[in-house]
Amino acid sequence: MLVEAARTAIADGQPGSAREIATKTARRMLTPVVNATGTILHTNLGRAPVAANQEASYSNLELDLTTGERGSRMDTAGALIARAAGAEAAIVVNNCAAAVLLVLAGLADGRDVVVSRSELVEIGGGFRIPEVMDRSGARLIEVGTTNRTRAADYAKAVDDPGSDVAVVLQVHQSNYRIIGFTESPTTKELASLAAPVVADIGSGLLDSRCPWLEGGPPGWLADEPAARQTLGAGARLVTFSGDKLFGGPQAGIIAGDAELVAQCARHPLARALRPGSLVLGALQQTALAYLNNDGQSIPFWQMASLTVESLRQRASAIGVGTVVDTLATPGGGTLPGVEIPSVGIAIGGDHRNFLRNLGRPIIARIEKDETVVDLRTVQPTDDQYLAESLGSIN
Ligand SMILES: *Cc1c(COP(=O)(O)O)cnc(C)c1O
């Protein structure tokens with residue numbers, strides 16, 4: 001690659017630019033960055049922070065250590081997540097988009113799926129419910145209107161003798177809100193319909209009571225749907241992301257009724273969508289933290305629950321720039337408009353380029369002509385580096 005950079009520079013008639021071309025190439029590689037944006041689940045920065053370095057090692061990915069027989073990779077992380085979510089069973093796929101695709105293909109290929117017109121969403125990166133539905137082989141039946149859909153609208157579609165409804169799909173309006181003259185039925189109201197309810201909750205909140213946080217659920221969580229309560233209300237399956245409020249690696253989880261989960265797992269697409277041992281290992285670690293009610297070892301919850309006072313102390317200790325009150329956000333296309341009071345450091349002028357081009361890039365934001373680094377998303381072990389880097393501006 002270095003030779004190629006040199007040749008490109010010479011061909012351009014500017015041999016001196018070889019170093020710059022080589023540097024640009026290196027900057028395109030994946031590298032750890034300091035997230036000082038205050039957006040805890042930053043989609044451009046890999047959503048939830050996860051530990052990933054590991055020695056080259058075999059694992060019992062598909063070996064049952066008790067019997068010595070072939071095991072299933074689906075039995076490990078999936079079973080732990082199911083337990084933590086209060087579900088009978090769960091399987092893991094590549095992301096939540098894959099989870100929705102697999103559920104529709106596994107349960108509704110060639111049949112009808114009922115969705116409210118207010119939930120035909122597009123999630124970032126072109127994940128559109130009607131298009132995923134189309135690719136899964138399921139037929140979409142839209143009911144209700146953009147702002148108001150009632151249980152009776154679903155019932156009419158399910159009970160229509162001309163329809164063949166395999167699934168009633170509820171999709172959480174993760175990244176937008178419809179406010180004003182609105183109405184939508186609860187999962188509980190839909191649970192009595194003659195077709196199973198599948199809820200794509202997206203965000204991956206496991207339990208609305210947050211037993212893994214000492215102080216219980218933070219106020220900003222509002223009424224975000226949680227896996228345990230959605231299943232308790234009668235959804236037969238939920239789907240969610242591994243790297244949003246669940247706080248693990250990129251993954252998608254299908255959890256709920258054991259027979260329906262098994263039906264998804266048997267579909268040929270399951271093989272194409274399954275994750276590898278690195279992801280399953282990281283998910284297992286996250287699931288165990290939940291089972292231990294140990295939110296402090298899940299970076300997302302640890303960052304989300306830091307007190308403003310502790311952040312202010314860190315900001316003063318850094319000793320550069322002005323300590324300012326800021327507003328952090330959960331991010332990740334969840335909880336739109338939600339802000340978490342936070343503390344940052346402001347420095348006059350726009351220094352984002354300088355900070356982004358450091359050996360270990362720092363991603364900051366700009367506010368009223370000042371560069372702001374928000375400490376809520378910065379690991380305390382990076383405070384010293386942040387102090388030196390901010391100190392070297394100018
Ligand atoms: C985020 C989200 C998805 C897509 O999840 P990925 O893990 O990014 O594929 C699907 N559905 C809902 C409701 C979401 O919030």
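As a convention, each chain's residues are numbered from 1 in the sequence order in which they are written. Since the coordinates come from a predicted model, pLDDT governs what is reported: local features require at least 70, and pairs of side-chain atoms require 80 or more to be given and counted, while whole-chain, interface and lining totals use all residues. With hydrogens and water set aside, each side-chain value is computed from the structure's full complement of heavy atoms.

### Quick notes on the sheet that holds strand β11 (residues 252-256)
Moving on, step 1. The seven strands lie next to each other as β3-β11-β10-β9-β8-β4-β7, forming an open sheet whose pairing is mixed. The outermost strands of the open sheet, each flanked by one partner alone, are β3 (89-93) and β7 (139-143). Sheet twist, expressed as the average angle between the axes of neighbouring strands with direction ignored, equals 25°.
Moving on, step 2. When DSSP finds two or more bridges between a pair of strands, those strands are recorded as paired. Secondary structure follows DSSP: runs of H or I at least 4 residues long count as helices, runs of E at least 2 residues long count as strands, and numbering of each begins at the N terminus. Note: strand β8 (residues 165-171) against strand β9 (residues 197-202), four bridges, orientation parallel. Residue pairing for β9: Val 168 is matched across the bridge by Val 197.
Moving on, step 3. Contacts were defined at the residue level, with two residues in contact if any of their heavy atoms lie within 4.5 Å. Interaxial angles span 0 to 180 degrees and are taken between N-to-C directions of axes, which are lines fitted to C-alpha atoms, for helices over the stretch in contact. On the sheet, helix α3 (residues 77-85) packs against β3, β10 (237-241) and β11 and is oriented at approximately 130° with respect to β3.
Moving on, step 4. Across the sheet, helix α4 (residues 96-108) is in contact with β3, β4 (112-116), β8, β9, β10 and β11; its angle to β10 comes to roughly 155°.

### Re the site of the ligand
Moving on, step 1. Around the ligand sit Arg 47, Asn 95, Cys 96, Ala 97, Ile 123, Phe 127, His 172, Ser 174, Asp 200, Gly 202, Ser 241 and Lys 244, and that is every residue in its neighbourhood.
Moving on, step 2. Any pair of nitrogen or oxygen atoms within 3.5 Å is treated as a polar contact; in protein, a donor-acceptor pairing is required on top of that, and neighbouring residues in sequence qualify only through side-chain atoms on both sides. Within the backbone of Ala 97, a nitrogen or oxygen atom sits 2.9 Å from an oxygen atom of the ligand.
Moving on, step 3. Contact distances for the ligand include 2.6 Å between a nitrogen atom and a side-chain N or O atom of Asp 200.
Moving on, step 4. Compared with its free state, where it exposes 380 Å², the ligand has 93% of that area covered by protein.
Moving on, step 5. Looking at the shell around the ligand, the elements that each hand over two or more residues are α4 and β9.
Moving on, step 6. Here the residues of the shell around the ligand are counted per class, giving four nonpolar, five polar and three charged. Only heavy atoms are used to decide nearness, and a residue is near a molecule or strand if one of them lies within 4 Å of it. Only the protein chains shown count as cover for residues, and the accessible areas themselves come from Shrake-Rupley with a 1.4 Å probe. Under the convention adopted here, Pro, Cys and the residues Ala, Val, Leu, Ile, Met, Phe, Trp and Tyr are nonpolar, Asp, Glu, Lys and Arg are charged, and Gly plus all remaining residues are polar.

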